[in-house]
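What follows is each chain in one-letter form.
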Amino acid sequence: MSDPTPGLALVTGANRGIGRETTRRLALSGARVLLAGRDREAITAAAHELRADGLPVEPLVLDVTDPAGIRAAAAEVDRAYGRLDILVNNAGIRTEEYGRAPSRQPLERWRETFDTNLFGVVEVTRAFLPLLRRSPAARIVNVSSLLGSLTTHSDPDSYASTPMFKSLPAYSAAKSALNSWTVHLAYELRDTPIKVNAVHPGYTRTDLNDGAGDLDVSDGATSSVLMALLDADGPTGTYTHQGAPVP
Ligand code: NDP
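These figures come from a predicted structure and were not determined experimentally.

Asks: Tell me what's going on with the layout of surface pockets, and back it up with residues and numbers.
Replies: The computed volume of the largest pocket comes to approximately 920 Å³. Along the walls of the largest pocket sit 41 residues, with N90, G92, I93, T206 and L208 positioned nearest its centre. Counting residues per element, the lining of the largest pocket draws most heavily on helix α1 (residues 17-28), which supplies 3 residues. Along the lines of polarity and charge, the residues of the lining of the largest pocket split into 16 nonpolar, 17 polar and 8 charged.

Asks: Can you tell me about the nonpolar core, naming the residues and giving the values?
Replies: Nonpolar side chains in soluble globular proteins generally cluster together in the buried interior. Ranked by size, the top nonpolar core spans 33 residues in total, and within it L10, L84, F128, L132, I140 and I194 carry the most contacts. Broken down by secondary-structure element, the contributors of at least two residues to this core are β1 (8-11), β2 (32-37), α3 (67-81), α4 (107-132) and α8 (169-188). The element contributing the most residues to this core is α4, with 9 residues. Contact partners of L84, with chain neighbours within four places excluded, come to L8, A9, L10, F128, L131, L132, S135 and A138. Of all hydrophobic cores here, the second largest spans 23 residues; its members include A9, I43, L55 and V57.

Asks: So what's going on with the sheet that holds strand β7 (residues 239-241)? Residues and values would help.
Replies: With respect to topology, 8 strands assemble into an open sheet ordered β3-β2-β1-β4-β5-β6-β7-β8, the strand pairing being mixed. Of all the strands in the sheet, the pair left with one neighbour each is β3 (57-61) and β8 (244-245). One ladder, built from 5 bridges, connects β2 with β3; its direction is parallel. Bridge pairing in β3 places L35 opposite P59. Sheet strands touched by α4: β1, β4 (86-89) and β5 (139-143). Its angle to β4, the strand with the most contacts, is close to 180°.

Asks: Any chance you could break down the packing of aromatic side chains for me, citing the residues and the numbers?
Replies: This structure, assessed with the given rule, holds 3 aromatic pairs. With a centroid separation of 6.2 Å and 50° between ring planes, the pair formed by F114 and F119 is classed as tilted. Classification of F114 by relative accessible area gives buried; the value is 18%. Taking the relative accessible area as the measure of exposure, F119 reaches 45% and is therefore partly exposed. Members of the aromatic cluster, each reached through a chain of ring pairs, are W110, F114 and F119.

Asks: I'd like a description of empty space enclosed by the protein, backed by residues and values.
Replies: With the rule as written, the count across this model stands at 1 cavity of 30 Å³ or more. Roughly 30 Å³ of volume is contained in the largest cavity. Taken together, the residues of the lining of the largest cavity break down into 4 nonpolar, 5 polar and no charged.

Rules used throughout
Residues numbered from 1 in each chain as written. Predicted model: local features only at pLDDT ≥ 70, side-chain atom pairs only at ≥ 80, totals over all residues. Heavy atoms only, no water. 1 Å grid on protein atoms, 1.4 Å probe; cavity = no way out; pocket = protein on both sides within 12 Å on 5 of 7 lines; lining within 4 Å. Points joined across faces, edges and corners; volume = space filled by probe spheres on them. Helix = DSSP H or I, 4+ residues; strand = E, 2+ residues; numbered from the N terminus. Nonpolar A, V, L, I, M, F, W, Y, C, P; charged D, E, K, R; others polar. Core = buried A, V, L, I, M, F, W, Y, C linked by side-chain atoms within 4.5 Å. Buried < 20%, exposed > 50% of the residue type's maximum accessible area, 1.4 Å probe, protein only. Contact = heavy atoms within 4.5 Å. Pairing = 2+ DSSP bridges. Axes fitted to C-alpha atoms, helices over the stretch in contact; angles between N-to-C directions. Phe/Tyr/Trp six-rings, centres within 6.5 Å; stacked < 30°, edge-to-face > 60°.

Have a look at this one:
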């Protein structure tokens, strides 16, 4: 049985790309959605556009690399709503240069990638966990990537046929670590109604890929939306693409 109303959702990095479409789809499904992002002007504009279509969307300033800002955002949501039902950790960056060997990517790129794509998720999740614990059926969705699949990129044929594996070692490693965090948290919360899952959106045409990709954002958002609206008897600790397991 599904929770009859999805309640209150928060999507990080929601002013554009997959996050914006995830916000739109969750709002269409009946959730009130906090459209979170680091740029006040960008989130206000994106929320305004979705509200013009009649969707219940509110902007929320949230830079996932700013611990004080994260705590302030959680306090603001606590004051206004007292709980959170869905957290989609979608914000992500890809800063490495294509074509550089893994050992030659600057360490600074590793640090900034991990700050946003891993530590940001951990920090945001920890700050909002008390609010998620007040939900009867909370869902946490961590937006990972196929590049985080160790099984896939340790396969020589996959590695050779996917140039991004060798171009994006920090991005891949941060997403692998995110998958590990997903499993740890799912075990920690296994006796609660909170389900924690990672998803691979698919290779989607967004700014992250300079507009390249196989999927449009509508298909790219499907994996997150499916896990955000999971039934009470649905799984936890999984890694899926559009509902199908990713190795
Ligand atoms: P985009 O580049 O289109 O959007 C990224 C979003 O993340 C933007 O809203 C951006 O905000 C936000 N963001 C970046 N840093 C921060 C921060 N410090 N705090 C808050 N928000 C931040 O990327 P996609 O929509 O493609 O990616 C969404 C997620 O999907 C990412 O986690 C990505 O790794 C993952 N993914 C994407 C794939 C693809 O093919 N597109 C494939 C696999 C995974 P701002 O506008 O302020 O920069």
